[in-house]
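# Fold and contact review
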Amino acid sequence: MENDEEQENLLDGEDCLVTHNDHDIRGGGVRRLSIDKAIETAGFGRFHIFMVIVMGWANSADTIELLSISFVLPQASCELHATDLELGFLTAVGFAGMIIGSYFWGTFADIKGRIKALLLCQLVNAVFIVLSSVSQNLPFLICMRLFSGFGVGGTAPLIFVYVVEILPAKHRGKMTAVLSFCFMVGQILVAGMAWLILPHTEWTWTTSTGFTYNSWRIFMLLSSLPVISSFLMFFSFPESPRHLIQVGRVEDAKAVIKRIYEKNGNARPYDENYIITHQRGSNSRGSMKEILSGVGRNTVALVTRPKVRFRFLISSIVLFCLSFSYYGLTMWFPTLLERMEASQGTSVCDDKLPAANTSKCDGDLSNNAVYFDTFLQAVSSLPGNVLYFLLVDVIGRKLLTGVSMILTGISVFFIWFVSSHTGSIVLSCVFAGISVVSWNATSLLTTEIFPTELRSTAKGVQGALANRVASVLATLVFGALVSTYCAVPILLMSCLLISGGIITYKLPNTANASIE
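Please read these numbers as outputs of a predicted model, since none were measured by experiment.

## Some details on the overall build of the protein chain
- Check the secondary structure of the protein chain and you find 18 helices and five strands.
- Residue burial in the protein chain is summarised as follows: out of 516 residues, 55% are buried.
- Sequence-distant contacts, at least 24 apart, represent 82% of the contacts inside the protein chain between residues at least 6 apart.
- With the model as given, the accessible surface of the protein chain reaches about 21,500 Å², and the carbon-plus-sulfur share is 65%.

Here it is as structure tokens:
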């Protein structure tokens, strides 16, 4: 079997055989392996495939939860009598929860473990999605979205961290491409669920006490099912052996690697005649007080260790440029299309503005157009996912990130030349297809470049500051300028994407390389 041959080659290599009296087994020499070599002794097989499927499903679940609020806003806002300002706050509070969650859960995972953090994130997320579905007033719904965002903020980055740390180096690129592909699956599923459920406004039940349950609440409840199912499946996974090494549990790490080897279906007994060379990190399995102190300690380490600081700064700039441009455009592009159609303008940045005298609650709340547009944009990212899958290990993460961001910036530049609704939809699909390559490559690159003891913290801080803060700033900047200087935010986003793509050359290329 291929896995057996891989293990034999790794354990019989000339650079692995040393004498170590304290660990002498059956009187012979004990093989010394790095953590990367030790992980590769487990080979690649059924365990890894199942892991990627489950983690991909969890990624889809988070996508469904993240996008679900945008579909229920029209109905929920009318029923709860929300103003536009309150709707903006309802959307922003979810991002606020994600900012806090990304920061907290990243450090929690570096101290207490990846799987424990993922379980708690999904539990928090599931509980507050379910509670959101029974909201009877706006303040309660806002509060539930805040805590739900707190859970989501940790799940997405930790999924990538766990998968990257478990996979052998040569399989990381393609397998993380499957994770990214599942974001598209989540987009399609949430649009399909909304299409099937939300138009049925007749599905309304009201008790004598005034408690109301209707189609948008059913939709929210069903959105929790993928999260709950992924939470239950997380129990079947062991802790990351890299994390176990960092906290000094070397024998436990070897036991996990042996378990993976056996789950992969290998017939030969696992050869445990080796030791793992390692340098224990500063993280420990401490109390909550120590965890909170570890948040500050790990954050300080990101900016005080020279190599880590440089990588953190450059990768954060790249991620900020991508997040600001992507979220700014995707959040406002439907508004630009509506504005162009209503004003019969020749460009999305036409100076003419449509009249807005009708209430948002006077229209048809069962309009299916928004679901179809979302479906088209989700499907349009499929070619980008396939392209990423084919190229990620051929040209490397760094070059793929740089080139795709520059091409995305060029596509954004031409948006203000569009003069028809069809052209705008086509261009938005082109943008979605290219930008997904940037997202996939950046997600993998920013996971691989940090050492194990700081990897989750770095992803958490970047998720909070470079990703979520950038998305909030983008929506605010675009909203402030779209009616007066529409070309400014579009050109700004184009310049940011191109600039971010150029500076990626400062980052290391991690394709098929060992990670620290």
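There's plenty left to go through after this.
## Focus on a nonpolar patch on the surface
- On the surface, V394, I395, L399, V403, L407, I410, F413, F414 and F417 cluster together into a nonpolar patch covering about 780 Å² of accessible area.
- Tracing the backbone shows V403 in helix α15 (residues 397-413).
- Of the residues examined, V403 reaches a relative accessible area of 40% and is grouped as partly exposed.

## Quick look at the side chain of S443
- By secondary structure assignment, the location of S443 is in helix α16 (residues 421-448).
- Among residues more than four places away in sequence, those in contact with S443 are F160 and K459.

## Digging into the packing of helix α6 (residues 138-166) against helix α7 (residues 172-197)
- Running from amino to carboxyl end, α6 crosses α7 at an angle of 155 degrees, the nearest separation of the two axes being 10 Å. In this view, α6 runs roughly antiparallel relative to α7, as classed from their interaxial angle. Seen from above, α6 lies across α7 with right-handed handedness. In this structure, α6 uses I159, F160, V163 and V164 to contact α7, whose residues at the interface are R172, T176, L179 and S180.

## Observations concerning the packing of aromatic side chains
- Taken as a whole, this structure holds 17 aromatic pairs when the rule is applied.
- Arranged with centres 5.9 Å apart and planes meeting at 25 degrees, the rings of F320 and F324 form a pair that is stacked. In this pair, F320 and F324 are both assigned in helix α12 (residues 306-343), four residues apart and thus about one turn of the helix distant.
- Both rings, one in Y326 and one in W439, keep their centres 5.6 Å apart while their planes meet at 85 degrees; by these two values the pair is edge-to-face.

## Focus: the nonpolar core
- Counting residues in hydrophobic clusters, the biggest one holds 46 residues, and the most contacted among them are M51, M55, L118, Y162, F237, I257 and I276.
- The contacts of I276, once residues within four sequence positions are left out, are L33, S34, I35, A38, I245, V250, K254 and I257.

## A few points about the packing of helix α3 (residues 46-79) against helix α8 (residues 215-234)
- Their axes nearest at 9 Å, the elements α3 and α8 cross at an angle of 165 degrees. One finds that α3 runs roughly antiparallel with respect to α8. As for how α3 packs across α8, the hand of that crossing is left-handed. Contacts from V54, M55, W57, A58, A61, I64, S68, F71, V72, Q75, A76 and E79 of α3 reach α8 at S215, W216, R217, F219, M220, S223, P226, V227, S229, S230, M233 and F234.
- Tallied by class, the residues present in the contact of α3 with α8 amount to 16 nonpolar, six polar and two charged.

## Quick look at the environment of Y162
- Tracing the chain through its elements places Y162 in helix α6.
- Its relative accessible area of 0% is what places Y162 among the buried residues.
- Each C-alpha atom of the pair Y162 and H243 lies 9.4 Å from the other, and the pair is 81 residues apart in sequence.
- When near neighbours in sequence (up to four residues on either side) are disregarded, Y162 contacts F47, M51, M55, R114, I115, L118, F237, P238, E239 and S240.

## So, the pattern of salt bridges
- By the definition in use, this model includes nine salt bridges.
- Put simply, E79 and R217 hold a salt bridge, and the shortest N to O gap is 2.8 Å. In this pair, E79 is assigned in helix α3 and R217 in helix α8, connecting sequence segments 138 residues apart.
- You can call E79 partly exposed: its relative accessible area is 28%.
- On the basis of relative accessibility, which here comes to 0%, the residue R217 falls in the buried class.

## What to know about the confidence of the model for the protein chain
- When pLDDT is averaged across the protein chain, the result is 78; 79% of the residues are at 70 or more.
- Put simply, strand β1 (residues 17-18) is where the protein chain has its lowest mean pLDDT, 32, and helix α5 (residues 114-132) is where it has its highest, 93.
- Low pLDDT, under 50, characterises residues 1-28; the predicted model gives this stretch 52 contacts beyond four residues in sequence or across chains.

## What about the environment of E79?
- Along the primary structure E79 and N137 are separated by 58 residues, whereas in three dimensions their C-alpha atoms are 9.0 Å apart.
- If near-sequence neighbours (up to four positions away) are discounted, E79 is found in contact with T212, N214, W216 and R217.
- Engagement of the side chain of E79 in a polar contact is seen with the side chain of W216, the distance being 2.9 Å.
- Among the polar contacts listed, one links the side chain of E79 to the side chain of R217, at a separation of 2.8 Å.

## Description of the environment of D110
- Inspection of the secondary structure puts D110 in helix α4 (residues 84-112).
- Along the primary structure D110 and N298 are separated by 188 residues, whereas in three dimensions their C-alpha atoms are 8.7 Å apart.

Calculation criteria
- Residues numbered from 1 in each chain as written.
- Predicted model: local features only at pLDDT ≥ 70, side-chain atom pairs only at ≥ 80, totals over all residues.
- Heavy atoms only, no water.
- Helix = DSSP H or I, 4+ residues; strand = E, 2+ residues; numbered from the N terminus.
- Buried < 20%, exposed > 50% of the residue type's maximum accessible area, 1.4 Å probe, protein only.
- Contact = heavy atoms within 4.5 Å.
- Areas by Shrake-Rupley, 256 points an atom, 1.4 Å probe, with all protein chains shown as cover.
- Patch = residues over 30% accessible without salt bridge, like charges linked within 9 Å, V, L, I, M, F, W, Y side chains within 5 Å.
- Salt bridge = Lys/Arg side-chain N within 4 Å of Asp/Glu carboxyl O.
- Axes fitted to C-alpha atoms, helices over the stretch in contact; angles between N-to-C directions.
- Parallel < 35°, antiparallel > 145°, perpendicular 65-115°, else oblique.
- Left-handed = near helix turned anticlockwise from the far one by under 90°.
- Phe/Tyr/Trp six-rings, centres within 6.5 Å; stacked < 30°, edge-to-face > 60°.
- Core = buried A, V, L, I, M, F, W, Y, C linked by side-chain atoms within 4.5 Å.
- Nonpolar A, V, L, I, M, F, W, Y, C, P; charged D, E, K, R; others polar.
- pLDDT = per-residue confidence, 0-100.
- Polar contact = N/O pair within 3.5 Å; in protein donor to acceptor, adjacent residues only side chain to side chain.

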